[in-house]
Amino acid sequence: MSRILVVDDELSMREFLEIFFLQHGHEVTVAADGTEGVQLLHEQEFDLVITDLRMPGTHGMVVLRRCRELYPETPVIVMTAYASTNTAIEAIKIGAYDYFSKPFKLDEIQVVIDKALERRRLVVENRALRARLEQRGNTSGLIGRSRAMKEVFSMIRRVASTRTNVLILGASGTGKELVARAIHDQSERRNKPFLVINCAAIPENLLESELFGHRKGAFTGAHTDRVGMFQAANGGTLLLDEVGDMPMGMQAKLLRVLQERKVKQVGDLREVPVDVRVIAATNRELADEVNEGRFREDLYYRLNVICIELPPLRDRPSDISLLAHHFLKKYAGEFGKSIDSIQPEVLQRLHRHPFNGNVRELENLMERATALAEENEISLAHLPPGFGHHQVGTGTGNADVELPLDGLNLDALINQIERDLIEQALQRTGGRKKDAANLLGITFRSFRYRLDKLDMS
Ligand SMILES: Nc1ncnc2c1ncn2[C@@H]1O[C@H](COP(=O)(O)OP(=O)(O)OP(=O)(O)O)[C@@H](O)[C@H]1O
Ligand SMILES: [Mg+2]
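In this report, the structure presented in the accompanying data block is examined. Think of each chain on its own: its residues are numbered from 1, step by step along the sequence as written. Think of it this way: whatever chain is written first is A, whatever ligand is written first is 1, and the rest follow in order. Owing to the predicted nature of the model, reporting of local features is limited to residues with pLDDT of at least 70; listing and counting of side-chain atom pairs is limited to 80 or more, with chain, interface and lining totals taken over all residues.

Things to note about the overall build of the protein chain
Item 1. Strands are runs of DSSP state E lasting at least two residues, helices are runs of H or I lasting at least four, and both sets are numbered from the N terminus onward. Looking only at helices and strands, the protein chain has 18 helices and 16 strands in total.
Item 2. The atom set for the radius of gyration is the C-alpha atoms, and the globule formula is 2.2 Å times the number of residues raised to the power 0.38. Relative to its length of 457 residues, the protein chain is extended, with a C-alpha radius of gyration of 32 Å against a globular reference of 23 Å.
Item 3. Restricting the contact set of the protein chain to residue pairs at least 6 apart, pairs at least 24 apart contribute 69%. The contact rule is simple: place each C-beta atom from the backbone, and if two of them lie within 7 Å, those residues are in contact.

Points about the sheet that holds strand β14 (residues 306-310)
Item 1. Two strands qualify as a pair provided DSSP detects at least 2 bridges between them. With respect to topology, five strands assemble into an open sheet ordered β7-β10-β13-β6-β14, the strand pairing being parallel. Looking at which strands have only one partner, the edges of the open sheet turn out to be β7 (194-198) and β14. Strand-to-strand twist across the sheet, computed as the mean angle between neighbouring axes with direction ignored, equals 20°.
Item 2. Alignment of strand β6 (residues 166-170) against strand β13 (residues 277-282), held across four bridges, turns out to be parallel. Counterpart to Val166 in the pairing with β13 is Ile279. Axis definition: a line fitted to C-alpha atoms, limited for helices to the stretch in contact. Angles are taken between N-to-C directions and run from 0 to 180 degrees.

A word on the nonpolar core
Item 1. Core membership is restricted to buried Ala, Val, Leu, Ile, Met, Phe, Trp, Tyr and Cys residues, and these are joined into a nonpolar core through C-beta atoms within 7 Å. Partly exposed residues are those whose C-beta has more than 12 but fewer than 20 other C-beta atoms within 10 Å; with 20 or more the residue is buried, with 12 or fewer it is exposed, and the C-beta atoms are placed from the backbone. Membership of the largest hydrophobic core comes to 40 residues, with the highest contact counts inside it found for Ile168, Val179, Ile183, Phe230, Leu238 and Ile279.
Item 2. Among the elements that make up this core, the one with the highest residue count is helix α6 (residues 147-160) (five residues).
Item 3. Those residues in contact with Phe230 that sit more than four places away from it in its chain are Leu211, Phe212, Leu238, Val257, Val263, Val274 and Val276.
Item 4. In terms of nonpolar packing, the next biggest core, distinct from the first, is built from 27 residues, Val6, Phe21, Val28 and Ala116 among them.

Details of the environment of Ser341
Item 1. On the secondary structure map, Ser341 appears in strand β15 (residues 341-342).
Item 2. The partly exposed category is assigned to Ser341, around which 13 C-beta atoms lie within 10 Å.
Item 3. Sequence separation between Ser341 and Glu363 is 22 residues; the distance between their C-alpha atoms is 16 Å.

A closer look at unusual backbone geometry
Item 1. Here the bond from Lys102 into Pro103 is cis, since omega is -5°, no more than 30 degrees from zero.
Item 2. Its place among the elements puts Pro103 in the loop between β5 (98-101) and α5 (106-138).
Item 3. One non-glycine residue with positive phi stands out, namely Glu242, at about 55°.
Item 4. Along the chain, Glu242 turns up in the loop between β10 (237-241) and α10 (248-260).
Item 5. When the 19 C-beta atoms within 10 Å are taken as the criterion, Glu242 is described as partly exposed.
Item 6. With phi around 50°, Phe355 is a residue other than glycine that occupies positive phi space.
Item 7. Along the chain, the position of Phe355 falls in the loop between α14 (344-352) and α15 (358-372).

Description of the site of ligand 1
Item 1. With respect to spatial proximity, 18 residues lie near ligand 1, and among them Ser172, Gly175, Lys176, Glu177 and Val359 are the closest.
Item 2. Within the shell around ligand 1, the residues separate by chemical class into five nonpolar, nine polar and four charged.
Item 3. An automatic or database domain assignment provides the domain bounds reported here. Counting residues domain by domain, the shell around ligand 1 receives three or more from each of domain 2 (147-311) and domain 3 (314-382). Whether a residue is near a molecule or strand depends on its C-beta atom, generated from backbone atoms, being within 6 Å of that molecule or strand. Here the term charged refers only to Asp, Glu, Lys and Arg, the term nonpolar to Ala, Val, Leu, Ile, Met, Phe, Trp, Tyr, Cys and Pro, and the term polar to all other amino acids, Gly among them.

Thoughts on the sheet that holds strand β1 (residues 3-7)
Item 1. Overall, parallel pairing links the five strands, which are arranged β2-β1-β3-β4-β5 in an open sheet. Among the strands making up the open sheet, the edge pair consists of β2 (27-31) and β5. Ignoring strand direction, the axes of neighbouring strands in this sheet form an average angle of 20°.
Item 2. In this structure, strand β3 (residues 48-52) lies alongside strand β4 (residues 76-80), joined through four bridges in parallel fashion. If you follow Thr51 over to β4, its bridge partner there is Val78.
Item 3. Running at roughly 170° to β2, helix α1 (residues 11-23) makes contact with β1, β2 and β3 of the sheet.
Item 4. In this fold helix α4 (residues 85-93) packs onto β4 and β5, with an angle of close to 170° to the strand it touches most, β4.

Quick word on the packing of α6 against helix α7 (residues 176-186)
Item 1. At a minimum axis distance of 8 Å, the contact between α6 and α7 shows a crossing angle of 45°. Here α7 runs oblique to α6, going by the angle between their axes. Two packed elements cross with a definite hand, and for α6 against α7 that hand is right-handed. Between α6, through Val152, Ile156, Arg157, Val159 and Ala160, and α7, the contact on the second element is made entirely by Val179, Ala182, Ile183 and Gln186.
Item 2. Of the residues that constitute the contact of α6 with α7, the class distribution is seven nonpolar, one polar and one charged. The labels follow the angle: roughly parallel below 35 degrees, roughly antiparallel above 145, roughly perpendicular from 65 to 115, and oblique for the rest. Two helices that cross are described as forming a left-handed crossing if the nearer one is turned anticlockwise from the farther one by less than a right angle, and a right-handed crossing if clockwise.

What follows is the structure, given as structure tokens:
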């Protein structure tokens, strides 16, 4: 249903159009002259305006102009009784969507009206999408469109309203901190502090005072009273980053605080109540740490009420191009450059890259490319030399590969090579699977099996 405004001084025409639109399920408002038409425009927005041009008093051109000013996205169709094409052309010039010369038959105007309404619908839809994107930008800039990320978004929404502890798992650079921030930003605690403490970066003997604070004189160097992170984050959220690296002794103390919701400063006997939502993050396999006795099981269960797992970037390829554009926009803005596109070849290379450093690596890469680019497009020249470009042999001689210094993930790499070559074979054969299988030297059966296995069918 659309809201339509009909402006015409001629009663029979108003009635005629009113009935026509009502029959099509729209909501119609009529105005008997231009003045009334303009007034209605000031009162509400319409999806379509149809106005006569020659009317006593305010001319239809004025209605058109006002509507263009107030609602540039509302299509206006003008009607003219005289075959005065000049005025009609004039109207088109200042932004009318189309014109009818009276008299007209309904089936003549139907198509134009449908098109105008369709365009309007698209514009509105687009606007809603943009608004949603901007909103998403507000939730700490966490973006993604892969199934995995959509699940993460929905988890964030669901846990944000509670105060349960959340455990975020994921390799380095997958966005754990950003997820923690998003949870905080979407929770009722958003106006209270969000603090991060990196448990791996602080020496064991300082961690306790860092977390819980200390009294003056509690230990050598404690010259004044100092509140810890828990108290500083009161009412808000505390992210215990790299929690997997927390020493055993501290784990016991942390567990007590989580159970009692009270902290005791180093060198003090009193306990102070704190209201803090705790989010823990780690790139270790925390369950393994528990099994191997390096992480307390009771603390693990206390932290792991809800677990959000961020898959490595290479397992969510549909996020790559989205993120690349996101970072391009971010750094182009920062550097004051007007670069707005990425060449398809660059995106292809990005898709082939293993991204062991995950989103952080992609971000750094895009920052570098944006800094280097002098044109308004990111091209291969802006990628590090040799980036993502591997020629493979034909599989008959030596593979000629080199094991990276810090090792690799063999299964993931082999899947990736398989996926890549299958994609290229399909591309080269225009999607013909039999030919693609031939090109890869495998049977059609085996080809189909691989498509299934790699979730490519
Ligand atoms: N989904 C995403 N959308 C936008 N930016 C992201 C996303 N994921 C990560 N980033 C960006 O990538 C960088 C790394 O993210 P973050 O610091 O949250 O990762 P991490 O998992 O905490 O890494 P580490 O384990 O190394 O601490 C940040 O600059 C972050 O803004
Ligand atoms: Mg982090």
